[in-house]
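# A closer look at the structure
For reference, the chains in residue letters:
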Amino acid sequence: MKNAQITRQLFFFRLFRPLVAGVLLAVVALPVGAVDLKTSDGSWTFSLNGNVNVHYVFSSCQSMGSAAIVDGGLTCVGTVSGSSVSNIGNGLLPAAFSFGVATTQDGYDLAAHLGLYPGIAANDSGSPNIGPLVNPRNTALSTTGLDIRQVYMTFGNKAMGTFTLGRNIGLFGADVILNDMTLPGVGAPGAAASAAPANTTLGGIGFGYIYTDWLAQIDYTTPDIQGFSVTGGIFDPINSLSDAATVQPKKAPGFHAKASDTIALAGGKLYLSVAFLTQQQYYALGGTSYDYTGTGVDVFAKFDLQDLELIGYYYHGDGLGTTALFDGGAVNGTSLGQTRTSDGFFAQGTYKLGQLKVGVNYGESKLDLASGEVNANLVAKNKKFTGGLYFSLTKNLTLLGEFSNVKSDAQGGGSNSANTVNVGAFLGF
């Protein structure tokens, strides 16, 4: 494989994995209980929760000599020194320390939250995920970086509903990633399968779902009506990760919405949700301007029956791209602004045997060529299988091991595949 392709792949690892990375709420995803403190008069409650997780990650990548060029592929490729990569670092989640304050005044519930997400990778001197970096990654005399991805406030009550204002997890794609069994683990290694690991791995991001991301937003959520609620709002319009032209100001914010319902079914519980996202992009290249709209819709279902949990998910996008929001959603070069469609699915089953949870999941993300586009090296599909064992040594400490096989296919038929094994520990509080 050519050096240029290796460089593109490493850049992709660093950019999207962690974008994915600093990514998830250890806070929302893993309910292990928070530390709560009250003021002397009981009017304010201060809380702290979060996690620390560490994993040994070993990847056997596609050999350099037999690798295909897959632009946007998520499978690691070896180098001239070999195809095996070892690292010790965070998994899909960075460590997390989430602080909250809450009170009730004049019948309104008020709260504010700040989430800090440090990693353990040696990647100081800039963003812990994408740079710019003054010092090389993974060298002596380096320190880790800090992600500050969550700062928001809420107000409302049970009768009027709740307003959320600030930077928080998105709506599109949130349910699937927060229920991915690899959330406390590693899943697909991402940048962990490189010489310069970022703060987090991919988990299942790009393999059946697009990363929900953290977005500046103003939302309203209706009161809960027997398990049913609707959230809708606007978010700060974000730029495309792949358009090469000059970014132009956005004329309107993005919009997202989500409806969810919880239903008692067959002795168990069924949770359903549908989410939607749309936003317009504006660009200029030379004397030419162009724009296009990115949209996405997803459907999520989770069925719980005693110790069994089953999950199914599907998404479809136009101009939205794959892996991360607005990555590869439109054609660069000649047909400027012409959009590509994408879709994917994710399925997971887990079962608890006392303190041990056993699980498997599988996901595929597909990206189609635009009408009339010819691009043999563009990714056509990223797919992953993961099997995992998660043992609750105590209420708050989980020991785990996972095996993942990933494969990336190009539009022209070439493909790369790799295997990853990881073992580690996750402490939530």
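Structure shown above.
The present account deals with the structure reproduced in this document. (Residues numbered from 1 in each chain as written. Predicted model: local features only at pLDDT ≥ 70, side-chain atom pairs only at ≥ 80, totals over all residues. Heavy atoms only, no water.)

The subject of this paragraph is the state of the cysteines. Following the criterion strictly, the structure yields one disulfide and no others. One disulfide in the model links Cys61 with Cys76; its S-S distance is 2.1 Å. Its torsion about the S-S bond being -100°, the disulfide of Cys61 and Cys76 is classed as left-handed. Taken together, the residues Cys61 in the loop between strand S2 (44-60) and strand S3 (84-89) and Cys76 in the loop between S2 and S3 connect sequence positions 15 residues apart. (Disulfide = S-S within 2.5 Å. Helix = DSSP H or I, 4+ residues; strand = E, 2+ residues; numbered from the N terminus.)

A word on a nonpolar patch on the surface. A cluster of nonpolar side chains, Val52, Val54, Tyr56, Phe58, Ile88, Ile120, Val423 and Leu427, forms an exposed patch at the surface whose accessible area comes to about 650 Å². Going through the elements one at a time, S2 and strand S19 (415-428) are the ones with two or more residues in the nonpolar patch. Checked against the element boundaries, Ile88 lands in strand S3. Exposure remark for Ile88: the relative accessible area of 60% places this residue in the exposed category. (Patch = residues over 30% accessible without salt bridge, like charges linked within 9 Å, V, L, I, M, F, W, Y side chains within 5 Å. Areas by Shrake-Rupley, 256 points an atom, 1.4 Å probe, with all protein chains shown as cover. Salt bridge = Lys/Arg side-chain N within 4 Å of Asp/Glu carboxyl O. Buried < 20%, exposed > 50% of the residue type's maximum accessible area, 1.4 Å probe, protein only.)

This brings us to the packing of aromatic side chains. Enumeration over the complete set of coordinates arrives at nine aromatic pairs. Between Tyr117 and Trp214, the ring centres sit 6.1 Å apart and the planes meet at 40°, which makes this aromatic pair tilted. Taken together, the residues span a long stretch of sequence, with Tyr117 in strand S5 (residues 108-118) and Trp214 in strand S8 (residues 214-221) at a distance of 97 residues. Relative to Phe346, the ring of Tyr209 lies with its centre 5.6 Å away and its plane at 75°, an arrangement referred to as edge-to-face. Of the two residues, Tyr209 is situated in the loop between helix H3 (174-178) and S8 and Phe346 in strand S15 (residues 341-353); the sequence distance between them amounts to 137 residues. The class of Tyr209 is buried, set by a relative accessible area of 0%. (Phe/Tyr/Trp six-rings, centres within 6.5 Å; stacked < 30°, edge-to-face > 60°.)

Now for the pairing of S5. Strand residues, when the strand is regular, have side chains that alternate between the two faces of the sheet. Across nine bridges, strand S4 (residues 96-105) lies against S5 in antiparallel orientation. In the sheet register, Ser98 faces S5, and the bridge partner there is Gly115. Here S4 folds back onto S5 in antiparallel fashion, the turn holding two residues, of which Asp106 has a positive phi close to 55°. Here S5 runs beside strand S6 (residues 146-157); their pairing, made up of nine bridges, is antiparallel. Each bridged residue has a counterpart across the sheet, and for Gly115 the counterpart in S6 is Gln150. (Pairing = 2+ DSSP bridges.)

Positive phi is not limited to glycine here, since Gln226 has a value of about 50°. Take Gln226: it is sitting in the loop between S8 and strand S9 (229-235). Of note, Thr323 is a non-glycine position whose phi angle comes to about 70°, a positive value. Its location among the elements puts Thr323 in the loop between strand S14 (308-318) and S15.

Mapped onto the elements, Asn87 comes out in strand S3. Reaching out from Asn87, the side chain makes a polar contact with the backbone oxygen of Ala192 at a distance of 2.4 Å. (Polar contact = N/O pair within 3.5 Å; in protein donor to acceptor, adjacent residues only side chain to side chain.)

The next point concerns the pattern of salt bridges. Evaluation of the coordinates by the stated rule reveals six salt bridges. Linking Arg149 and Asp147 is a salt bridge whose minimum nitrogen-to-oxygen distance equals 3.4 Å. For Arg149, a relative accessible area of 9% corresponds to the buried category. Between Lys383 and Asp409 there is a salt bridge, with the nearest N and O atoms lying 3.8 Å from each other. With Lys383 in strand S17 (residues 379-392) and Asp409 in strand S18 (residues 397-410), this residue pair connects regions lying 26 residues apart in the sequence. Overall, the relative accessible area of 16% leaves Asp409 in the buried class.

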